[in-house]
Every structure is written in structure tokens, then in C-alpha cells.
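Spelled out, the chains give:
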Amino acid sequence: MEGLKRHLTLKQHCLCMHGQMTGLVVLFEFKAFKGSLASYRQKKGLSHIKPRVCILGGGFGGLYTALRLESLVWPSGKKPQVLLVDQSDRFVFKPMLYELLSGEVDAWEIAPRFSDLLANTSIQFFQDRVKLLHPSDNLGMNGPTRSGCGGTVHLESGVVIEYDWLVLALGAEAKLDVVPGAAEFALAFSTLEDARKVDKKLRMLERGKFGKESSPIRVAVVGCGYSGVELAATISERLQDKGVVQAINVETTICPTAPPGNREAALKVLSSRGVQLFLGYFVSCIRRVCEAENSDKLTETGKEEATVGEQDHEKYILELKPVEKGLESRILEADLVLWTVGSKPLVPSLEHGNYGYLFPVNSRGQAETDEMLRVKGHPRIFAIGDSAALRDSSGRLLPATAQVAFQQADFTGWNLWAAINDRPLLPFRFQNLGEMMILGKNDAAISPSFVEGLTLDGPIGHTARKLAYLLRLPTDEHRVKVGISWFTKSAIDSIASLQSTITKVLSGS
């Protein structure tokens, strides 16, 4: 009885938050009945009950799988009830988080609310965190039964969701515990909250330096993969002569897996903006500058009065060690440390019960999947994006990128349709469409895979990247709103630039 009350409470909560929730009570009502789904249907006379699909995670993999299911044509009575669960109330278009720092986009454009995106769909959304899973479809225990449910999901709020099919798309979180001091003093950059923290810190540093003759703002970026390079380029453009960006990478080059054209364009931009590159180094420790060190520095420089404002915020020391012989250890000082190295997949724990089975994961904690994107040994569970470990035809692990997750979502949606309608599933085949990176307000680099050796950079690359991402936004309604907003901003900027040019010409004459 207590379990039934809990499910009814969930229904009422969702009704309050998201309007009509047709069929949601069916989604959770089974928990109060002991027995198989088939026997429940027979007892209640509910042979028309629709399949229940629970999707955990509302990123590229999860949200786009839900939207794919919504767009497919379903036989009568077969269209599933889809529940999307995420800890945040917003979808985040992560490749454009950098534009939040430059002010090029507004938060609503790249981080719309799920309630707005799903308003005109039958997809239900519930905001909560996943606590553990209890699948009942594992092969070798009771086989892939068609009559019973696929298992249950336990949420941190205490709600228990019973599903027929499950999609794991929880993404990953920054891994800051690999170096002493990183978790305490470094900021990650992978979520909307991270971007807001970084922007807030930069604003504070900019206000502290405004109108003062003091040392420049120093920002250390750890990692020179795509994320690190895009951050370094964006922040160096924002700070200009008010700051210095220091980028550290364990490799001897930046973006080692990027196409040569993208890497060359990025190096050119970083060099032109005075970004200091420390290649072939790893960070061994991050620590806060203590008061004694500050006092020694003040005494040595003799600039006590000029640097009083600099003591209003914390400074950090990064100890760098060379990867190879021939380089000396380095000590860097920074006002802000940004960490872009490593990630931890968010695969939920399992409730083992009396069976003692284990969830198949690789050394990185990603779920092992077959080529149909199903978790090995669990035919009712699909895993995609950062949650999944899948290799390409050459045996290499697919990268954890938005492009991969987007394509996997399309296949997962189709394979769920096929599984529910007893049709053959399709093996996933990743098609690399190319790579893009933002390098500034009017600068980007794109290397499309269909034209070998071609790289579009500068304003052309920037426009092409923005158009490509506009087309990738989740729904038609949101694309139209954002497209109008971007066009309006571009028109205003063009008019302002024209007025500035005319003013300069007239003043010169």
C-alpha cells in the first residue's frame, strides 16, 4: 500500500509540474501488484497497456532518443509511454557552452527547459537523480522474457519506476580526483552550472582589475584537447590584454587526435592571442598560495599598495612535471584553474538481490554493449553516449562526443521500435561527419570528413559551425526561436559595425 501511495504521489507531482500526464499511472501502477506484466494485464483487463520506456539522462543521447521515438510511426496500441529522467530541469547543448563565456549566446538558447521542449509531445519528464537499478532481464538468470517487465529504477527521492525497456544515457562528470588539489581548487567545464561558475569567477577577476595598474589575470587551463583549446581561445579573446592564459598538456602537441587543419588553425589563434603553451607537462599538484608567500612576494617587489586589491581573491600554484627528460619542472601561478582532463561515466549501481550478477563495464566504468547498443546480457537495456563502451570497425573505442551520442540516439530509437514490434534490430555504424571547434566570437575551424584535407576557418568556419548546430537543436519550435534570435543579434551587430565604420570615416575627414 505504501508503494502504491508513493507512485500516486509521483503522478500528482508530475501533473502539477508538467500538465496532463495521460497514462502515467499505468507506468507506475504495476509496482503495487505482485506478478508478471501479462498476469496483471489479464487480471485487470488491460490488454491494451502500452510498452513502457524509461530513459535515464536528458543529454544528446537521452533526449534525442525520446524525440526519435516520438517521431516514428507506430502500429495501433504499440506506441510506448516514454519517461525521461534527468537531475537537471534543462537540456544543455554542451558544444556551445563556450559561447556563454563570450556572450555570443543566451542561456535559454542552448539550455532550454525540458518542459518547454516536450510541451507538444507525449514524452513525460521527471526531475530526479538515479540511485540504483534492478534489472530482471539478465540472460543466464531467467532469459529475455517477453511477458514480464524489464526491471525497476530506484530514484533518490524514493520513487520506483518499473519499465519494459531502459535506456542508459546519463553522460559523464568531470574527474577531478586524479591530482592533489584539483577537486578543491580547480573548476570543471562540462555543465551549465560549471559555465556559470567560470563566468562568475571571470567577472569577479575583471572587476578587481578594472582601472588598476596591476598584474594581469592569470588563467590556467589543464588539458589541450578540444575542450581545453576552445576554453583557452575563448577566454584569451575575452580578457585580451587584461589577462594571460596558460594551457598545459601532457602531449607534445594540442588536440593530438584532431584533423591537421583544425589543429593548425587553433595553434595560429592561440599564438596570436598570446596563450602560453606548456606541452609535454603534467600537473602534479595544485595548491593555494599561502599568506606567507604573498607577504614574501610583496616585500620583494615593493608594490604593497598596488597589489592590495590582488589579495581580495585566492591565487593558486600549479606544479608541473615534464613527461620526458630534457625539460625542467615548472611552477605556475594562476587566479583561476580550469580542468578539462578526464571524465567519469555515470553508470548507476545495481541492486544485486539474491543473484549476484554484475553489470558488464569496462575499465573506465562504461557499460559494455553489443553492436545493437544493448548492454551485454541485458536485452531490455540500451546504453549510449558516455555511458556506453562501443568500438568501431577498427577496434577503437568510439569517442565520447555529441556527434556519436546523436547518431546512437537515432539507432536506439529505431531499435526500440523494432524490439517492441518484433522486427530485427540494426547494428550501429558510426559515420564521422567531421570535427568542429570554436576559436572566438567570429572564429572557428571545421574539417568535414566528406572533403579530404578541407578546413574552413575564420568567419566562414564560424558561420558554418553555427548553422550546423542550429540544425542540430532538439525541436523545430526551438530551432525557429533560436534562429530568429541569432539573426536579430547578427543584424544588430552588423548595423553597429557599419555605424562605427561611418563614424571613423567622417571623423577622419
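The shown structure was predicted, so the numbers you read here are calculated from the model rather than taken from an experiment. (Residues numbered from 1 in each chain as written. Predicted model: local features only at pLDDT ≥ 70, side-chain atom pairs only at ≥ 80, totals over all residues. Heavy atoms only, no water.)

Side note on the overall build of the protein chain
- In terms of regular secondary structure, the protein chain is built from 15 helices and 24 strands.
- The buried share among the 509 residues of the protein chain stands at 46%.
- For the protein chain, restricting intrachain contacts to residue pairs at least 6 apart in sequence, the fraction spanning at least 24 positions comes to 68%. (Helix = DSSP H or I, 4+ residues; strand = E, 2+ residues; numbered from the N terminus. Buried < 20%, exposed > 50% of the residue type's maximum accessible area, 1.4 Å probe, protein only. Contact = heavy atoms within 4.5 Å.)

Here we look at the sheet that holds strand 12 (residues 276–279)
- Strand order across the open sheet formed by five strands is 9-16-10-11-12, with parallel pairing between neighbours. Each having just a single partner strand, strand 9 (187–188) and strand 12 make up the two edges of the open sheet.
- Where strand 9 and strand 16 (residues 336–339) come together, two bridges link them in parallel fashion. Across the sheet, residue A188 finds its bridge partner in strand 16, namely W339.
- In the packing of helix 9 (residues 192–209) onto the sheet, contacts are made with strand 9, strand 10 (217–222) and strand 16, and the angle to strand 16 comes to roughly 160°. (Pairing = 2+ DSSP bridges. Axes fitted to C-alpha atoms, helices over the stretch in contact; angles between N-to-C directions.)

Section: the packing of aromatic side chains
- Taken as a whole, this structure holds 13 aromatic pairs when the rule is applied.
- Each ring, one from F60 and one from F93, has its centre 5.0 Å from the other, and the planes form 65°; the classification is edge-to-face. Highlighted residues: F60 in helix 4 (residues 60–71) and F93 in the loop between strand 2 (81–86) and helix 5 (98–102), separated in sequence by 33 residues. The same class applies to F60 as to F93, namely buried.
- Ring geometry for F185 and Y316: centres 5.5 Å apart, planes at 35°, overall tilted. In this pair, F185 is assigned in helix 8 (residues 182–185) and Y316 in strand 14 (residues 316–322), connecting sequence segments 131 residues apart. Residues F185 and Y316 agree in their burial class; the two are buried.
- Cluster of aromatic residues (ring-pair linked, three or more members): F60, Y64, F91, F93, F406 and Y469.
- Of note, R380 hangs over the ring of W165, and the distance from its end group to the ring centre comes to 4.5 Å.
- The ring of W486 has K466 lying over it, and the distance from NZ or CZ to the ring centre is 4.8 Å. (Phe/Tyr/Trp six-rings, centres within 6.5 Å; stacked < 30°, edge-to-face > 60°. Lys NZ or Arg CZ within 6 Å of the ring centre and 35° of its normal.)

What to know about the environment of M372
- Its place among the elements puts M372 in the loop between strand 19 (367–368) and strand 20 (381–383).
- M372 sits in the buried class, given a relative accessible area of 16%.
- C-alpha separation for the pair M372 and F382, spaced ten residues apart in sequence, amounts to 8.3 Å.
- In contact with M372, not counting residues within four places along its chain, are F382, N415, L425, L426 and P427.

Thoughts on the sheet that holds strand 15 (residues 330–334)
- Taken in spatial order, the three strands of this open sheet run 13-14-15, and their pairing is antiparallel. Strands at the two margins of the open sheet, each flanked by one partner only, are strand 13 (281–288) and strand 15. Sheet twist, expressed as the mean angle between neighbouring strand axes with direction ignored, is 25°.
- Note that strand 13 and strand 14 share seven bridges and pair antiparallel. When the bridges of strand 14 are listed, C285 appears paired with E319.

Overview of the pairing of strand 7 (residues 165–168)
- Going residue by residue along strand 7, you find W165 and V167 tucked away on one face and L166 and L168 tucked away on the opposite face as well.
- Examined bridge by bridge, strand 1 (residues 52–56) and strand 7 share four bridges and lie parallel to one another. Counterpart to L56 in the pairing with strand 7 is L168.
- Direction of pairing for strand 7 relative to strand 20: parallel, over a ladder of three bridges. Bridging across to strand 20, V167 finds its partner in F382.

What to know about the nonpolar core
- Ranked by size, the top nonpolar core spans 84 residues in total, and within it L63, F93, V219, V229, I235 and L439 carry the most contacts.
- Sorting elements by how many residues they give to this core places helix 13 (residues 402–420) first, with nine residues.
- Contact partners of V229, with chain neighbours within four places excluded, come to G223, C224, I254, C255, A266, L270, M437 and L439.
- By size, the runner-up hydrophobic cluster in this structure holds 20 residues, among which are V130, L133, I161 and F359. (Core = buried A, V, L, I, M, F, W, Y, C linked by side-chain atoms within 4.5 Å.)

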